[in-house]
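Residues per chain, in single letters:
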Amino acid sequence: MIKVTVWNEFIHETKSEKVKAIYPNGIHKLIADFLACDDISVRTATLNMPECGLTKEVLDDTDVLIWWAHVAHDKVPDEIAFRVRDAVNSGMGIIFLHSAHLSKPFRYLLGTACNLCWRESGDSERLWVIEPGHPIAQGLDRFIEIPADETYGEPFGIPNPDKTVFIGTYSGGEVFRSGVCFERLNGKIFYFQPGHETFPIYYQAEIQKVIKNAVRWAAPNAPRRSLSCPNVRFPSDKEKGYVKQ
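Going along each chain's sequence as written, the residues are numbered from 1 onward. Side-chain atom pairs in this predicted model are given and counted only at pLDDT of 80 or more, local residue features only at pLDDT of at least 70, and totals for whole chains, interfaces and linings cover all residues. Side-chain numbers here rest on the full set of heavy atoms in the structure, without hydrogens or water.

## Considerations on the overall build of the protein
Here comes step 1: What counts as a helix is a DSSP run of H or I of at least four residues, what counts as a strand is a run of E of at least two, and both are numbered from the N terminus. The helix and strand inventory of the protein stands at eight helices and eleven strands.
Here comes step 2: In terms of overall dimensions, the protein has C-alpha extents of about 50 × 45 × 35 Å along its principal axes.
Here comes step 3: Burial status across the protein gives 54% buried among its 245 residues.
Here comes step 4: Contacts were defined at the residue level, with two residues in contact if any of their heavy atoms lie within 4.5 Å. Sequence separation of at least 24 residues holds for 73% of the intrachain contacts in the protein that already meet a minimum separation of 6.
Here comes step 5: In this description, accessible areas are obtained by the Shrake-Rupley approach with a 1.4 Å probe, and a residue is regarded as covered only by the protein chains that are shown. Here the protein has roughly 10,900 Å² of accessible surface; of this, 52% comes from carbon and sulfur atoms.
Here comes step 6: Charged residues are defined here as Lys and Arg on the positive side and Asp and Glu on the negative side; His and the ends of the chain fall outside this count. Charged groups are reduced to one reference atom each: NZ for lysine, CZ for arginine, CG for aspartic acid, CD for glutamic acid. The protein carries 28 positive and 31 negative side-chain charges, and their two centres are separated by 3 Å. Only protein chains enter the accessibility calculation, which uses a 1.4 Å probe; a residue whose area is less than 20% of its type maximum is buried, one above 50% is exposed, and one in between is partly exposed.

Printed below as a string of structure tokens:
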């Protein structure tokens, strides 16, 4: 059984009637509902919970963490972000969705600012499968059509991925590395771009298949072990020169 924790800020769904109409119980609840099956068990956590719902006990009991975030990256304490980073280094898989490219755990794991170009246009997107043999792409056709999404574009300030599984092309002309994989020590990382909160993207069967495939790919295949080092000091965002975009 793969144990999944779906984390969400859960802010848009409480403050925007438009978003609430699409995801009345939160993006995290919809993702949890379509993931739950015979070999996947799911819990959820949100920003407003004690320790953001990500206590050491929760992370120790999580095989794959899914992270959706957009407007409150700075509200996640460094202590929690480092705890997530350490769990990934120790073998926990993690999937970052949409605007989570600017989340602290993503940036701390990759070591770059992770900025990109974007515009809220509602353009259509065609998500090309460029690694059809990859486990995350199993069961998909050559591409996925997304009727409307926020437009992301290159340059995308990340290290060269270990594997690029999807490239998105938009009706406005942009291209973007929309599905990329990394490994950090014992953990696997997948970033997946589609999923702006004002569009019902997570209801699409193909998008759900990608996320479920990614959970199975990212799940650890060996017992996790602690790799934390208490003598390492990590510089702050200000020291690193990160700029919120």
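Moving on, there is more to tell.
## Looking at unusual backbone geometry
Here comes step 1: Following E154, the chain continues into P155 via a peptide bond in cis, with omega recorded as 5°.
Here comes step 2: Note on placement: P155 falls in the loop between β8 (151–153) and β9 (163–170).
Here comes step 3: A positive phi is found at E51, a non-glycine position, where the angle reads about 55°.
Here comes step 4: Position of E51 among the secondary structure elements: in the loop between β2 (40–46) and α4 (56–60).
Here comes step 5: The backbone of C114 shows a phi angle near 65°, a positive value even though the residue is not glycine.
Here comes step 6: Along the chain, C114 turns up in the loop between α6 (104–110) and β5 (117–119).
Here comes step 7: With a relative accessible area of 1%, C114 lands in the buried category.

## Considerations on the pattern of salt bridges
Here comes step 1: Counted as salt bridges are all cases of a side-chain nitrogen of Lys or Arg within 4 Å of a carboxyl oxygen of Asp or Glu. All told, the structure shown has 14 salt bridges when counted by the stated rule.
Here comes step 2: Between R83 and E79 there is a salt bridge; the shortest N-O distance is 3.2 Å. One end of the pair is R83 and the other is E79, both in helix α5 (residues 78–89) and four residues apart, which spans about a single turn.
Here comes step 3: Using a relative accessible area of 18% as the deciding quantity, one classes R83 as buried.

## Overview of the state of the cysteines
Here comes step 1: Disulfide: a pair of cysteine sulfur atoms within 2.5 Å of each other. Across all of its chains, the model carries zero disulfides by this definition.
Here comes step 2: With no disulfide of its own, C37 has C181 as its nearest cysteine by sulfur position, at a separation of 20 Å.
Here comes step 3: Residue class for C37 comes out partly exposed when judged on its relative accessible area of 27%.

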